[in-house]
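In case you want the letters, here they are:
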Amino acid sequence: MTLGTLYIVSAPSGAGKTSLITAMLETVKGIKVSVSHTTRPMREGEVDGQHYHFVDKEAFEKDIEKSLFLEHADVFGNYYGTSHTAVNDQLSQGIDVILEIDWQGAQQIRQLAPNTRSIFVLPPSISELENRLTKRNQDAADVIAKRVAQAKEDVTHYNEYDHVIINKDFDTALTELKSIFISPRTQREKLEKREPDMLKQLMS
Ligand code: GDP
Ligand code: ADP
Ligand code: 5GP
């Protein structure tokens, strides 16, 4: 039985999804971000097993053959994928899980799990996106150029998502993101599953 809710957060690279999710996790409990596998090189400051499981192409392709991935995609010429174990263990414990994945992965997950809630984060403009990627100072100029070009295609997929957040003012976007995660927790059926003993005591 899955008690937790599965969420997808997608955005063009640099729109701010990682910053928003990190800020939300400081105050909203009971959510875990699934750690993806990737073949892209590790950035300065990234930790293997925490930001991603960094693997080489051969290992990734072996894992595809063994059906270890719930979904995988080629993004900017690198493989990215979500393993079954990254998701199922948490959901069965009642923990909500966030997949920070691209729109191709989102399409695969919706087929597998139609109850997934999906959120697309938009930047206020492509030029602001480029500014943010430049200021983030983590990718080479040619990589940034590729990501900006890809962003123009990525944004056309916004209409496949349940929720859309424009990350112009960070605090406004953060409030909107939190509301999406907090509001479903008060749904009666979910509360009844989560707190059966407390409700029983109140009614006795
Ligand atoms: P950033 O988004 O600029 O921080 O760059 P990343 O290298 O972390 O992510 C690159 C792209 O890969 C983004 O579109 C992510 O959403 C996507 N991505 C990350 N992990 C996964 C995954 O497990 N599956 C899929 N399908 N996409 C992923
Ligand atoms: P993503 O995970 O979508 O690639 P990040 O969270 O890494 O994006 O954000 C990209 C950069 O933009 C980071 O340097 C971050 O600090 C900055 N940023 C995020 N949101 C805003 C915002 N609302 N206004 C200005 N800068 C922002
Ligand atoms: P970055 O290399 O900047 O960390 O991520 C680049 C893109 O890959 C982002 O848009 C991110 O959402 C996507 N991505 C990261 N992990 C996965 C994953 O497991 N599956 C898929 N499909 N996309 C991913």
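Here is what the cut-offs are and how they apply
Residues numbered from 1 in each chain as written. Chains lettered and ligands numbered in written order. Predicted model: local features only at pLDDT ≥ 70, side-chain atom pairs only at ≥ 80, totals over all residues. Heavy atoms only, no water. UniProt positions renumbered as here; feature names shortened; annotations may be inferred. 1 Å grid on protein atoms, 1.4 Å probe; cavity = no way out; pocket = protein on both sides within 12 Å on 5 of 7 lines; lining within 4 Å. Helix = DSSP H or I, 4+ residues; strand = E, 2+ residues; numbered from the N terminus. Buried < 20%, exposed > 50% of the residue type's maximum accessible area, 1.4 Å probe, protein only. Contact = heavy atoms within 4.5 Å. Pairing = 2+ DSSP bridges. Axes fitted to C-alpha atoms, helices over the stretch in contact; angles between N-to-C directions.

Enquirer: Go over the UniProt feature "binding site: ATP" (unreviewed entry) in the protein, please, and point to the residues and values.
Expert: Under the local residue numbering, the UniProt record ascribes the feature "binding site: ATP" (unreviewed entry) to Ala 11, Pro 12, Ser 13, Gly 14, Ala 15, Gly 16, Lys 17 and Thr 18. The subset of these annotated residues that lines the largest pocket comprises Ala 11, Pro 12, Ser 13, Gly 14, Ala 15, Gly 16, Lys 17 and Thr 18. By the element assignment, Ser 13 lies in the loop between strand S1 (6–10) and helix H1 (17–27). Relative accessible area serves as the criterion here: at 8%, Ser 13 is assigned to the buried category. In this view, Ser 13 contacts Phe 76, Leu 129, Leu 133, Arg 136 and Arg 147; residues no more than four positions away in its chain are not counted.

Enquirer: Summarise the sheet that holds strand S9 (residues 163–166); cite the residues concerned and give the values.
Expert: For sheets, the rule is that strands pair by backbone hydrogen bonds, running either parallel or antiparallel. Strand order in this open sheet of 5 strands is S2-S7-S1-S8-S9, and the pairing throughout is parallel. Every other strand in the sheet has two partners, leaving strand S2 (31–33) and S9 as the edge strands with one partner each. Within the sheet, the average angular offset between the axes of one strand and its neighbour, ignoring direction, is 25°. As paired elements, strand S8 (residues 117–122) and S9 share 4 bridges and run parallel to each other. Each bridged residue has a counterpart across the sheet, and for Ile 119 the counterpart in S9 is His 163. Strands in contact with helix H3 (residues 84–92) are S1, S2 and strand S7 (96–100); relative to S7, the strand with the most contacts, it is inclined by about 160°. Helix-sheet contacts for helix H7 (residues 170–182) involve S1, S2, S7, S8 and S9, and the interaxial angle to S9 is about 160°.

Enquirer: Break down unusual backbone geometry for me, citing the residues and quoting the values.
Expert: Although it is not a glycine, Ser 67 sits at a positive phi angle of roughly 60°. Looking at the element boundaries, Ser 67 is found in the loop between helix H2 (57–65) and strand S5 (69–75). Take Ser 67: its relative accessible area is 49%, and that puts it in the partly exposed class.

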